[in-house]
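Breakdown of the fold
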There are 2 protein chains.
Amino acid sequence: MLKEWVKDDRPSDEELSARLEKARAELMVRQMQVKEKGLPVLVVFDGWGAAGKGSVLGRVIKGLDPRFFKCETLTEPTSDELRRPFLYRYFVRIPKEGKFSFFDGSWMGEVTSQFLHGDISKKQYKEHLTSIKRFERTLNDNGYLVVKFFFHIDEKIQRKRLKELEENKHTKWRVSEKDKWQNKHYDKCLDVYDEYIEATNQFVAPWYFIDSSAKKWSELQVTEILVASIDTALANAESEKKAPLLQNTFPLRETPKLSEISLDKTIEEEEYKKELDVLQKRLGQLHNELYHKKIPVIIAYEGWDAAGKGGNIKRIAGALDPRGYEVHPIASPEPAEKARHYLWRFWNRLPKDGHIAIFDRTWYGRVMVERLEGFCSENDWQRAYNEINEFEKELADWNAVVIKFWVQIDKDTQLARFTDRQNTPEKQWKITDEDWRNREKWDQYEEAIDEMLQKTNTKYAPWYVLESNDKKYARIKALKIVIKAIEKKLAE
Amino acid sequence: MLKEWVKDDRPSDEELSARLEKARAELMVRQMQVKEKGLPVLVVFDGWGAAGKGSVLGRVIKGLDPRFFKCETLTEPTSDELRRPFLYRYFVRIPKEGKFSFFDGSWMGEVTSQFLHGDISKKQYKEHLTSIKRFERTLNDNGYLVVKFFFHIDEKIQRKRLKELEENKHTKWRVSEKDKWQNKHYDKCLDVYDEYIEATNQFVAPWYFIDSSAKKWSELQVTEILVASIDTALANAESEKKAPLLQNTFPLRETPKLSEISLDKTIEEEEYKKELDVLQKRLGQLHNELYHKKIPVIIAYEGWDAAGKGGNIKRIAGALDPRGYEVHPIASPEPAEKARHYLWRFWNRLPKDGHIAIFDRTWYGRVMVERLEGFCSENDWQRAYNEINEFEKELADWNAVVIKFWVQIDKDTQLARFTDRQNTPEKQWKITDEDWRNREKWDQYEEAIDEMLQKTNTKYAPWYVLESNDKKYARIKALKIVIKAIEKKLAE
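Residues numbered from 1 in each chain as written. Chains lettered and ligands numbered in written order. Predicted model: local features only at pLDDT ≥ 70, side-chain atom pairs only at ≥ 80, totals over all residues. Heavy atoms only, no water.

1. Let's talk about the relation of the copies chain A and chain B
Taken as rigid bodies, chain A and chain B are interconverted by a rotation of 180 degrees and an axial shift of 0.0 Å, the fit giving an RMSD of 0.0 Å. The operation mapping one copy onto its partner corresponds to a two-fold rotation axis. When the interface residues of chain A are mapped onto chain B, 100% of them again fall at the interface, so both copies present the same face. (Least-squares fit on C-alpha atoms with pLDDT ≥ 70 in both. Contact = heavy atoms within 4.5 Å.)

The structure is reproduced here in C-alpha cells:
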C-alpha cells in the first residue's frame, strides 16, 4: 500500500496557506464538539525517523486548548512496561471521553522495530498484529475515534535530514542509532512497514499517509484528515452506538448449565484441615517458582452474594508470599474509569510478570450487573463476550495462567447465610439492601450467568465452578485447580 | 494462521454421532429462523482439492429444505464473466433475505489460483484482496451473514486421496490438472493460502478451518459453526442494524455547492448544431476504439425532475453504435431486488468490457429519494457514501471510464417546464403528482444532493454538473466531458 501510494499534488503556497487557515479554524470548532459530545479521540503519529512527526504534532496542537488533550511520547518501553502484556502501555494511556490523546510513536513503531531488529520472532510479530487489530477495533466499537498517520519521506530526503540534524550541535541528540540504521536499511524497513500497514489497515481504523516533504504541507494534510475523521465519528456517536456482534472464533469448552450442577459435595473437617495444610504449602512453593520464571497468574472470582468468595480468596492468598500478589476488590467504576473503555480499569490492575493478581469480582460485571441493571446498552454487553475473550487471549499470549472461578450456591443456602448475617452483629456489615434486591433477580442473574459461562469458557482461560454450599469443599477444590494449572504451565 | 493452526481433538465415534445428531437438528431449526427473520446467509466452501468440500456440502444440505437454499459451483469464470469486474460473478449470486447460498469454491480459490499460476501480478492480487475485504464487509454491514470455511488436509492425505480417485475409473474425472499441480506444489500453495487467509480474516467475516481428515467429522465442524454463526447474526438482526460509518480514505475532489453554480450559461442554436455534429462524430469514433481495446464506460445521470436528462442521454446515445451500448432507466426496485444488497441490481446491469452503459438515475437513489422518503434507515444511507465509493472503485480498477452527471436547473425553470408539460397534451405523460410532491421538498433534496456530491466526488469517478437551464448547453458540455474522459483513458 505504502509502496504504491501516489502523493497528492502539493498545492501552491497561496492555496496551502488559505486551506490551512480554514482547516485550523475547523479543528478548533471540532475540538469543542468532541468535548460536548464526549468523543474520545486517539491520534497516532508514526512514520520514518526525521519525517517531522514531532514538529508537526507541535503545530497541530498549537491551536487546541491544552485542557482537552494530552501528548504521549512512546518510544522504548520502560523496564516496568516490559513486564506487562505488550498492549499494556498503550491501553492504560487511552483518552477519556471528550479528550484527545496524541501518540508520538505507537505500537506500530514498537513491533516493527522489534521485528526488524530480530527481538521478536515472525510468529510473535504476527500475534502482535492480531492483538493490534483487536485493540483498534474494540476502541472503535466502544465509541473511540482512532486516526493513524504514517509520515512518509523517501530514503534520500531522510538521509539529507539526518545529516543536517547531526551536523548541527543543537540538534545532534535528536538523531538516534535506530534512525541511522533505518536509513541504511531503508528498503528493508519499507518492506516491513508496507506489510504492517496492509495487515492493520482496517475499515474501522484506516491508515493515512502524510507526504512529509514540508512541514506546513504535512500539517495541512493532518489537520484536514482529523477534521473529516471527527465528523465521521460524531455522526456515528449521534445515533446510539451499535457495533455488530462478531462470530466466535475462540476455542470453547463444553459448559454445563448452573442448574445441572449438583451442590451436595462436602468435606469432613479433619480431612479439610489436612488437605488445606498440604495444598497451601504446595502453592507457596509454586509461587516461588513462578516468581523466578516470571510467569504471571490471574485468578478471577465471581459468584453469588454470600457464596463464600471472600473466605475462598483468603485461603489462596494465605498460601502466598505477600510481596508477590495483590487482591483487587472490584466495586462500581470511578468517574475516570467510566469515561474510558470498560476494560481500562482492569488493564490498569494487571500484575507484573511473576506476580499473582486475584480479582474479587471482575470485568464480567459487564455481562452480569451492568447488563441486568441497564448500566450499559444491550449492544455493549452482547459485544462484551467477544471483547472479554480477546482480552483474556492477550493475557494468555503474555504467558499468564488465567483461572476463573464461579462460586456457586443454591438459593436456600443464600437465604440462610443472609439471615445469619442479619442476626449476627459482627457480620451485619456484610449484608446490604442491595444484596436483598439482587436476590429478587436470582432467575435473571442465573440466565445471564449461564450465557456468560457458555460464551467465555475458552480453553486458554477456563471457568471452574466451585460448589460452595460447603465452603470448605469449595476452598480445597479452588486450591487444587490453581495448583494444577500452575504446575501445568511450569512444565511447558 | 493456517500453518500454526492446531486441530481440535477428533471426538470418539460415539460422541461424534451424538453431537452430529444434535447439530443437524439445530441447523434445521435455524433454517426456519433464517427464513422468518429474513436473514441472507452466504456460506463459502474453500480449501484443498480432494479435501471433500463437495461431499460435505452434499451432507450439510441434506437436512435443509431445498426451497430455502441454492448451491453454486464456482470454478473457472466463463468467458462472459471474464469480461466483467472480478467480483461480478459473486455479487450477482448473493442470496435473498431468508435464503442460504452455498458456494462450492469462491473468490478465494479464484484469486489464489490466478496468483499461483502467474495469471495476475502481485499488484493485481493485492488489489483483489482489498476488493474482497470490502465485498465481505459490505455484505455484513447490509445484514448478510458470511461464513467462510477452509477445508484443510496435509500433503500426504491429499496425495493419497488424489491417487485413489484417479485409480478408480468412476472418479478419475474428478481429479483435475490443477489438483495435481496443487499437490506437487503443496508448500508453495500453503504459503499463499496462509497469507490470503491472514489478509482476509476480518472480524466481520472470519475464517474457520475444517479438519477434513474424515467426512462425518468435517460435517460436524461445519454444522456446529453454522449454527453458532447464525445465532450471532440473528442477535445482530434483532436490534436495528447499525454498522459504524467509516472514515473516508478515497481521494476526493473539491466540490462547490449547487447554490454556488451559476446557471446563466447558454449556447446559440447555430453553434449548438455545429458542435453537436462534430462531437457526436468524434464520440462515434471513440466508441469504436473503446470496443477494440475492451474498455468499459459507465455514464451515470442524476438530476432534478425536468432538468433534461432524457434529451441529454439521447444526444450521447445517438452518437453510439447500438450494438455496443445500453441505457438503463432505473425505477424503484422490484421485490427480488429489494430483498438483496441495494447495489445488486446495479452489479447486474454492468456492461461487458468494450461496452457503454448509461444509467438514467442510479445507485445514488440510496442517498436521495431513499434517504428523504425513509425507504432505508439513516444508518443505511449514511453508510452508502462509502459503499458507493467502494463500488465505483471496483469499476475504476476494472479499467472502466466512470462519469457521473448532475443535471442542474433552478426552481423557476423547473416550474416553467412542469407547467409546459401539464399544458401540452403530448407531454402530459411526463409529469406526475410525484413530481409536484418532490418539488415541495426541493430544499431537503438540495441539502442531500450537496452532501452526496461532496462525499462521492472521487478522482476516479468524478461528478460533473451540467448547467441545464439551457438544455443545449448541457448537452454539448456532456459530450465534451465524455469525449475528454475517453480520450484520456485511451491514451493511458
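2. Section: the pairing of strand β8 (residues 356-360) of chain B
Residues and elements named next belong to chain B. Most of β8 is tucked away, with four of its five residues classed as buried. Pairing analysis gives five bridges linking strand β6 (residues 297-303) to β8, with the strands arranged parallel. Each bridged residue has a counterpart across the sheet, and for I299 the counterpart in β8 is I358. (Buried < 20%, exposed > 50% of the residue type's maximum accessible area, 1.4 Å probe, protein only. Helix = DSSP H or I, 4+ residues; strand = E, 2+ residues; numbered from the N terminus. Pairing = 2+ DSSP bridges.)

3. As for the packing of aromatic side chains
Going through the model one piece at a time under the given rule, you end up with 64 aromatic pairs over all chains. Ring geometry for W381 of chain A versus Y385 of chain A: centroids 6.5 Å apart, planes at 90 degrees, classification edge-to-face. Of this pair, W381 of chain A and Y385 of chain A are both found in helix α15 (residues 378-397), four residues apart, which corresponds to roughly one turn of the helix. Both rings, one in W304 of chain B and one in W406 of chain B, keep their centres 5.9 Å apart while their planes meet at 75 degrees; by these two values the pair is edge-to-face. Remark: W406 of chain B occurs in strand β9 (residues 401-408) and W304 of chain B occurs in the loop between β6 and α11 (309-317); sequence separation between them is 102 residues. By relative accessible area, which is 6% here, W304 of chain B ends up buried. For W406 of chain B, a relative accessible area of 1% translates into the label buried. Its guanidinium or amino end placed over the ring of W381 of chain B, R371 of chain B lies 3.9 Å from that ring's centre, counting from NZ or CZ. For K393 of chain B, the ring lying beneath its charged end belongs to Y460 of chain B, and the centroid distance is 5.9 Å. (Phe/Tyr/Trp six-rings, centres within 6.5 Å; stacked < 30°, edge-to-face > 60°. Lys NZ or Arg CZ within 6 Å of the ring centre and 35° of its normal.)

4. Overview of the nonpolar core
With 143 residues, the main nonpolar core has F102 and F149 of chain A as its most contacted residues. Among the elements that line this core, the one with the most residues is helix α19 (residues 471-491) of chain A, at 11 residues. Counting 142 residues, the second largest nonpolar core, distinct from the first, contains F69, F209, I299 and C376 of chain B. (Core = buried A, V, L, I, M, F, W, Y, C linked by side-chain atoms within 4.5 Å.)

5. Here we look at the side chain of D470 of chain B
Residues and elements named next belong to chain B. If you trace the backbone, D470 turns up in the loop between β10 (463-467) and α19 (471-491). For the buried residue D470, which engages in no salt bridge, the nearest side chain bearing the opposite charge is K472, 6.1 Å off. In this structure the side chain of D470 is engaged in a polar contact, spanning 2.8 Å, whose partner is the backbone nitrogen of I267. Polar side-chain contacts of D470 include one of 3.0 Å to the backbone nitrogen of K472. If sequence neighbours within four positions are ignored, D470 has contacts with K265, T266 and I267. (Lys, Arg positive; Asp, Glu negative; His and termini not counted. Salt bridge = Lys/Arg side-chain N within 4 Å of Asp/Glu carboxyl O. Polar contact = N/O pair within 3.5 Å; in protein donor to acceptor, adjacent residues only side chain to side chain.)

6. Some words on the interface of chain A and chain B
If you look at the interface, chain A gives 33 residues, while chain B gives 33 residues. Carbon and sulfur atoms make up 52% of the area that chain A and chain B hide from each other, which totals about 3100 Å². The largest share of the area that chain A buries against chain B comes from F203, K242 and Q247 of chain A, three residues that together contribute 27% of it. Counting across the interface, chain A meets chain B through four salt bridges. If you look at where chain A meets chain B, you find 13 residue pairs in polar contact (both at pLDDT 80 or more). Of all elements in the fold, only α5 (122-141), β4 (145-152) and α9 (215-238) of chain A reach the threshold of two or more residues within the side of chain A that touches chain B. Ranked by residue count, the leading element in the side of chain A that touches chain B is α5 of chain A, at six residues. Looking at the side of chain A that touches chain B residue by residue, the classes come out as 12 nonpolar, nine polar and 12 charged. (Buried area = accessible area lost by both parts, 1.4 Å probe. Nonpolar A, V, L, I, M, F, W, Y, C, P; charged D, E, K, R; others polar.)

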